[in-house]
Every structure is written in C-alpha cells, then in structure tokens.
Amino acid sequence: MTDKPENAPSSPACLAHEADDAYMGFASREEIAAFLNELLEAERAGTGVALRSAQAAADTPFGDLLRDVHHDEAKWCAMLLRQLKTLGAPASAKVGAFQEKALAIQDMRERIAFLNRGQAWVVRKLGEMLPKVRDDVLHRDLQEMLQAHEVNIERARVALEKA
Ligand SMILES: [Fe+2]
C-alpha cells in the first residue's frame, strides 16, 4: 500500500506547471475559474439590466446605447462560458445581485449611472487580473472585454451629459 491518494493527479508535470505559475505570480487555474465565474455573474446581471432598460427607454436618447450594451454584455457572457469550458471548470448559473439593485432604480439616468459604476468595477477587476493571466487566448479575450467596457462607459457618460 502506498500513501498516494487514489485521486492524485496522474501527471507530475501538471503539478510542476501549477507550482511554477504561482511562483511566477500567475493566477492558478482555480483562481482563474473563480474570477471568470464572478465576471460571468456580473455580465449576466448587466445583460438583464441593459435589456430591460433598453425596452423601457426605447424611445429615449438612451435606447441605442442600452441595446448596444445589452449586445456586448451577452457577448462577454458567451466568451466567459467558452473560457470556463476550455478550463474544464463548472460555470456558475447565478445572476449577480447587481441586476436586482439596478432594476430597482426607477429613474433611467440614475440607473445608467449605476450601470456605469458596475462597468467600472468590471474594468478594475480585469485590470487587476490581466497581469496574472498567462494564457494568450484568455489574455486577449479579457483585454478586449476591458477595452469594450471602457468604450461603453465613455458612451454612457457622454449620453448622460447630453440628455
Ligand atoms: Fe459588463
């Protein structure tokens, strides 16, 4: 009888790889999976808020903006699900609490300002994680997500200023 647990990873190379990642300051697979799921819940909430708000504000200067934000948020949900699948990690089915909080705000201007603060939180989280992501494809996707969020934040800011 050996003292090796039955479910020990079969490839020592994988373990060495994980240890190297941590040593080099890169996030572990578990940290990345938790991060992607946190973002997934947030983007799902963003998708719901933008969709419901686009419907409510269809005939206002915010209609186009909210439809575009809805399209983007849904796109990032799909990307995050794809990356979780690539990692072999289970995807959260939750919707972030942000959705309920945002939809409780009746004034559309205030709601869009709140949505923008949520988007800024996503930008901050992405900025913190990007230097710790070693995988090139994931890094590129998250970088693109960060930049697209910055574009939408600015668009919303300008729309609020004009309206
Ligand atoms: Fe977002």
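Our structure is the block above this text.
Now for a description of the structure that goes with this document. Every chain is numbered on its own, with residues counted from 1 as its sequence reads. The predicted nature of this model means local features are confined to residues of pLDDT at least 70 and side-chain atom pairs, given and counted, to a pLDDT of 80 or more, with totals for whole chains, interfaces and linings taken over all residues. Side-chain measures were taken over the full set of non-hydrogen atoms in the model, leaving aside hydrogen atoms and water.

1. Describing the coordination of the iron ion
Donor atoms (N, O, S) are those found within 2.8 Å of the metal centre, with the cutoff raised to 3.2 Å for Na, K and Ca; water is not part of the atom list, so apparent gaps in a site can occur. At the metal site, the iron ion is ligated by Glu 43 (OE), Glu 43 (OE), Glu 73 (OE), Glu 73 (OE), Gln 119 (OE1) and His 149 (NE2), and these contacts range over 2.1 to 2.6 Å. Key to geometry: four donors with every angle between 85 and 135 degrees are tetrahedral; four donors are square planar and six octahedral where opposite donors lie over 155 degrees apart and all remaining angles lie between 65 and 115; all other sites are irregular. With 6 donor atoms in place around the iron ion and angles of 51 to 171° between them, the coordination shape is irregular. Exposure categories follow from relative accessible area, calculated using a 1.4 Å probe and restricted to protein chains: below 20% of the type maximum is buried, above 50% is exposed, and the middle band is partly exposed. For Glu 43, a relative accessible area of 0% translates into the label buried.

2. Some remarks on the side chain of Glu 43
Counting from the N terminus, the helices are DSSP H or I runs at least four residues long and the strands are E runs at least two residues long. Tracing the backbone through its elements, the reader meets Glu 43 in helix α2 (residues 29-56). Contacts were defined at the residue level, with two residues in contact if any of their heavy atoms lie within 4.5 Å. In this structure Glu 43 touches Glu 73, Trp 76, Cys 77, Leu 80, Gln 119, Val 122, Met 145 and His 149, once residues within four positions along its chain are discounted.

3. Quick look at the packing of helix α5 (residues 108-129) against helix α6 (residues 136-162)
Interaxial angle, 0 to 180 degrees, is taken between N-to-C directions of lines fitted to C-alpha atoms, where a helix line uses only the stretch in contact. Running from N to C, α5 and α6 cross one another at 155°; their axes reach a closest spacing of 9 Å. By the angle between their directions, the pair α5 and α6 is classed as roughly antiparallel. In this structure, α5 crosses over α6, and the sense of that crossing is left-handed. For the pair α5 and α6, the contacting residues are Arg 109, Ile 112, Ala 113, Asn 116, Gln 119, Ala 120, Val 122, Val 123, Leu 126 and Gly 127 in the first and Leu 142, Met 145, Leu 146, His 149, Glu 150, Asn 152, Ile 153, Ala 156, Arg 157 and Leu 160 in the second. In terms of residue class, the contact of α5 with α6 is built from 12 nonpolar, 5 polar and 3 charged. The scheme is simple: roughly parallel for angles under 35 degrees, roughly antiparallel for over 145, roughly perpendicular for 65 to 115, oblique for anything else. Handedness of a helix crossing follows the sense of rotation of the near helix relative to the far helix, less than a right angle counterclockwise being left-handed and clockwise being right-handed. By the convention adopted, Pro, Cys, Tyr, Trp, Phe, Met, Ile, Leu, Val and Ala count as nonpolar, Lys, Arg, Asp and Glu as charged, and the other residues, Gly among them, as polar.

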